[in-house]
Every structure is written in C-alpha cells, then in structure tokens.
Amino acid sequence: DTAVSQTPKYLVTQMGNDKSIKCEQNLGHDTMYWYKQDSKKFLKIMFSYNNKELIINETVPNRFSPKSPDKAHLNLHINSLELGDSAVYFCASSQAAGVGDTQYFGPGTRLTVL
Amino acid sequence: TQLLEQSPQFLSIQEGENLTVYCNSSSVFSSLQWYRQEPGEGPVLLVTVVTGGEVKKLKRLTFQFGDARKDSSLHITAAQPGDTGLYLCARRSNYQLIWGAGTKLIIKP
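Read on for an overview of the structure. (Residues numbered from 1 in each chain as written. Chains lettered and ligands numbered in written order. Predicted model: local features only at pLDDT ≥ 70, side-chain atom pairs only at ≥ 80, totals over all residues. Heavy atoms only, no water.)

## Some details on the overall build of chain B
Consideration 1: Helix and strand content of chain B: zero helices and 11 strands.
Consideration 2: Reading chain B from its N terminus to its C terminus gives the helix and strand order β-β-β-β-β-β-β-β-β-β-β.
Consideration 3: For chain B, whose C-alpha radius of gyration is 13 Å, the value lies close to the compact-globule estimate of 13 Å for 109 residues.
Consideration 4: Within chain B, the proportion of its 109 residues that are buried is 48%. (Helix = DSSP H or I, 4+ residues; strand = E, 2+ residues; numbered from the N terminus. Rg over C-alpha atoms; globule rule 2.2 N^0.38 Å. Buried < 20%, exposed > 50% of the residue type's maximum accessible area, 1.4 Å probe, protein only.)

Put into structure tokens, the structure is as follows:
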C-alpha cells in the first residue's frame, strides 16, 4: 500500500482556472505538508498541518488554500492559476513536527499552466 | 533564513568512481537529514545525523556531521548507476525543514 498518495500525478490547465490536488497518508501521522519544487529543484514549504490545524503558512499567495478534512488528508486548492504556478507539488507527512522527524513524501503532482 | 548551501550543484562521473558532496551552513544546527530524490518521485530519507563528528554508513554511502555541527558531507564509494538522483540536505527549524538546493548526481555506466 502506498504510504503517501497524491492525485492527480499530472495536471495541465489553462491560466485562470481553479484546480485541486488531493493528498492522503495511511501512516497514522499527525503532521502533513505541502511543498512546491520549482524547475531548479528547490523545495519550498508552503503549508503544514498538525492534527488538522494549520501550523505553518509561508508567504504563499492567498490563491492557494489548503484544506484538511481529517488528519489523514491535506488537499490543496488553487484559484486563478498563473503561469508561475507551474511546478511539481509534493505532499509529505511526519509522525509529529518535532526535531529529527522523518518526512515521507508523495510522488508529486506536476502542474503545468498554459 | 538560515540557508543550507550544497556543492557541487551538479556532478557527472563514471561508474566505479568515488565522490563527495557537501552541505554547509553559517549556523549551528541540532540535526541534519540527507534525502535522495529520484526522477519523478518524492525525496526519501537516507539518514539523520545529530551529534557533532558523527559518522554513519549506509552500504557504500558514508555521512559525516562536522564537529561544529555547521556542515555535513556525503561520500559515495564505487558509485553505481543506481546512485543517480538529486541529493538534498535539510535541517529542522521551527517545526519545518529548511532545504538545500541539492546536488544532482549522474553516474554513467
């Protein structure tokens, strides 16, 4: 069974559209994350939730809105997509948000905005 | 932001050669993690180092944490094509990981 899964794997859409990416983890972890990896492979944290509560909200346009219906799911909704949103988005989870906790990543969603 | 600098950014070598990649910071960190990311997949944890001077081995990979806990290195002995990937270091800061930009490693058969 996949530990951290994301759907879709690929997403191609027009500028101005609204889209969602779903993430689920079956590891029983308390903390989940969304990262953006740009074309230079730099991983940037966007959001983190611990037990369904937002604990990290980096400087991200408010067009991006995370939603955590339960601690096994953290979805990412993006409004009014822009060309610069094209990137690979990774979901991850960890047991807690403490020192040394391993983060387990999903396979990524490659978003292309045309 | 307490940045992590990784070097080299890109390395392409022949199978069987040895290599070392580095992760440096101007700040002391309590622990450091190394991840490997293969094309089309998410990063996967290789090791966590915590104690200054610590050395950990994972088969042909040797990880070292600097005595002052400001730097770390990853040495691969007799590299194989399966070692190809993006090697990322990360340190913890305020409930999140701060990531280096990575070293892209290609091992040619």
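## As for the environment of Asp101(A)
Consideration 1: The topology assignment puts Asp101(A) in the loop between β9 (87-94) and β10 (104-105).
Consideration 2: The residues touching Asp101(A), leaving out its near neighbours within four places in the chain, are Ser94(A), Gln95(A), Ala96(A), Gln33(B) and Arg92(B). (Contact = heavy atoms within 4.5 Å.)

## Regarding the state of the cysteines
Consideration 1: Enumeration over the complete set of coordinates arrives at two disulfides over all chains.
Consideration 2: What pairs with Cys23(A) in a disulfide is Cys91(A), and their sulfur atoms sit 1.8 Å apart. The sign of the -75° torsion about the S-S bond sets the Cys23(A)-Cys91(A) disulfide as left-handed. Of this pair, Cys23(A) sits in strand β3 (residues 19-25) while Cys91(A) sits in strand β9, placing them 68 residues apart in sequence.
Consideration 3: Paired by a disulfide, Cys23(B) and Cys89(B) hold their sulfur atoms 2.0 Å apart. Given an S-S torsion of about 80°, the disulfide between Cys23(B) and Cys89(B) has right-handed geometry. Placement of Cys23(B) in strand β3 (residues 19-24) and of Cys89(B) in strand β9 (residues 85-93) is noted, with a sequence separation of 66 residues between them. In this pair, the class of Cys23(B) matches that of Cys89(B), namely buried. (Disulfide = S-S within 2.5 Å.)

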